[in-house]
Amino acid sequence: MLEVVRKFPEQVEEALAIELNFDIDFSKVKRVVVAGMGGSAISADILSHFSTIPFHVVRDYTPPSFMDENTLFIAVSYSGNTEETLSCFSLARDKCQHVAITTGGKLGEEAENVIKIPSGMQPRAAIAYLLFPMAKMLSNAGFMNIDFEEMIYNLKSNREEMEEMAKEVSNAIHGIPIIYGYGVMGSIARRWRQQFNENAKMHAFDFSLPECNHNEMEAWEENAENITCIFLREKNEMERIKARFDFMKEEYGKKANIIELYAPGKNTFSRAMYHMHVGDLASIYMAEKRGVDTEPVNLIMKLKNVLSQHSRSSS
Ligand code: F6R
């Protein structure tokens, strides 16, 4: 897994080179709905922060009822066989223009417009292929404006720094990590949590500011010696967000270890990808520290099997 994850910058380049051959009339598109789960859905979460038109992410069996002929529906599933995503796809395909991002599976067979991505990886390790073809398609359509070159340059020129940061973070974590971020860094915090869960097989939680200041914060009245906080920060964050982080640092710091991380990069997207890659690496170092294998996701697969037996026996 480590070797695959280390190639993230090159995978981004490959992913951006994937040809987008399909027949979509983007002039009709007024909103985007993306259906996906887990390692596939997080790509859409991240991109939702950069969209100039309404952008909705569904992690469920049913897409929103507002979908119509002006909606671009994107089904993203690495395997192409995830039942929630397939369910949304079957309900959306006749209502709106659609694109599927997948390695194949049932989704690959049934979708009219397919962005085919390389197979043979764990979905969560294929984030470059799940995210960047979608980003390119939506940028080409004028729905987002992302400086891909700067982002790749930022990743390539900071490889050692990212490795170092990831090692330091994994060494510093004790107990349960709680990751906090604002805006897109809130989605990156979610990605960190997912990667700790799946790669390092450990509990982790994520929260977005400012919402967590209205609920989760009260839990800090309790003891927290078994928690490590990770703050994904931005140098140029809004004053109000800075004040919130400073308050949290002061209060939570009385009870738990706080790790504050800043990323280089000329824009928020570039810094988000930096933070994401550090988290991906940190989750692998965390797995090493815990002596667990990053690859298998036994319980996820076991449940998928149980559910597929269930649908076979009830059909
Ligand atoms: C496994 C992983 C999972 C899957 C999820 C959905 O590596 O990251 O979170 O992404 O179970 O499966 P796919 O991506 O095949 O639709």
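This section reports on the structure supplied with the text. If you're wondering where the values come from, they're calculated on a predicted model, not measured in any experiment.

## What about a nonpolar patch on the surface?
Part 1 of the reasoning: Together, Tyr 61, Leu 303, Val 306 and Leu 307 make up an exposed nonpolar region whose accessible area comes to about 350 Å².
Part 2 of the reasoning: Along the polypeptide, Tyr 61 turns up in the loop between strand E2 (55-58) and strand E3 (71-77).
Part 3 of the reasoning: In this structure Tyr 61 comes out as partly exposed when scored by relative accessible area, which is 38%.

## Concerning the sheet that holds E3
Part 1 of the reasoning: Strand order in the open sheet formed by five strands is E2-E1-E3-E4-E5, and the pairing between neighbours is parallel. Single-partner strands in this sheet number two, and they are E2 and strand E5 (114-116). Pairs of neighbouring strands in the sheet enclose a mean axial angle of 15 degrees, with direction left out of account.
Part 2 of the reasoning: In the packing of helix H4 (residues 83-92) onto the sheet, the strands contacted are strand E1 (31-35), E2, E3 and strand E4 (97-102), and the crossing angle to E3 comes to about 155 degrees.
Part 3 of the reasoning: Against the sheet, helix H6 (residues 127-140) touches E1, E2, E3, E4 and E5, its axis set at about 165 degrees to E3.

## Some remarks on the pattern of salt bridges
Part 1 of the reasoning: The full count for this structure, using the stated rule, is 18 salt bridges.
Part 2 of the reasoning: Between Arg 190 and Asp 45 there is a salt bridge whose closest N-O contact spans 3.0 Å. Of this pair, Arg 190 sits in helix H9 (residues 184-200) while Asp 45 sits in helix H3 (residues 38-48), placing them 145 residues apart in sequence.
Part 3 of the reasoning: The closest approach of N and O atoms between Arg 93 and Glu 110, which form a salt bridge, is 3.4 Å. A residue pair is termed long-range when its members are at least 10 positions apart, and Arg 93 in the loop between H4 and E4 and Glu 110 in helix H5 (residues 105-110) qualify at 17 residues.

## What about the pairing of strand E8 (residues 227-233)?
Part 1 of the reasoning: By the criterion of burial, E8 is predominantly enclosed, with seven of the seven residues buried.
Part 2 of the reasoning: Side chains of E8 alternate between two faces, with Ile 227, Cys 229, Phe 231 and Arg 233 and Thr 228, Ile 230 and Leu 232 buried alike.
Part 3 of the reasoning: Pairing of strand E6 (residues 176-182) with E8, which is carried by six bridges, proceeds in the parallel orientation. In the sheet register, Tyr 180 faces E8, and the bridge partner there is Phe 231.
Part 4 of the reasoning: Of the strand pairs in this sheet, E8 and strand E9 (residues 257-262) are connected by six bridges, and their pairing is parallel. Note on E9: the bridge partner recorded for Ile 230 is Ile 259.

Reading guide: rules and limits
- For every chain, the first residue of the written sequence is number 1, and numbering continues from 1 onward in sequence order.
- Confidence filtering applies because this is a predicted model: local features only for residues at pLDDT of at least 70, side-chain atom pairs given and counted only at 80 or more, and all residues used for totals across whole chains, interfaces and linings.
- Derived side-chain values reflect all non-hydrogen atoms in the structure, with water molecules and hydrogen atoms excluded from consideration.
- Exposure above 30% relative accessible area and no salt bridge define the residues that can form patches, which grow by joining like charges within 9 Å and nonpolar side chains of Val, Leu, Ile, Met, Phe, Trp and Tyr within 5 Å.
- The Shrake-Rupley method, run with a 1.4 Å probe sphere, supplies the accessible areas, and residue values consider only the shown protein chains as cover.
- A pair is scored as a salt bridge if a Lys or Arg side-chain nitrogen falls within 4 Å of a carboxyl oxygen belonging to Asp or Glu.
- A run of H or I in DSSP becomes a helix once it reaches four residues, and a run of E becomes a strand once it reaches two; helices and strands are each numbered from the N terminus.
- To sort residues, take the accessible area from a 1.4 Å probe on protein chains only and compare it with the maximum for the residue type: under 20% means buried, over 50% means exposed, and anything in between is partly exposed.
- Two strands qualify as a pair provided DSSP detects at least 2 bridges between them.
- Every angle, taken between N-to-C directions, lies between 0 and 180 degrees, and every axis is a line fitted to C-alpha atoms, over only the stretch in contact when it is a helix.
- The contact definition used throughout considers only heavy atoms, calling two residues in contact when any of these lie within 4.5 Å.

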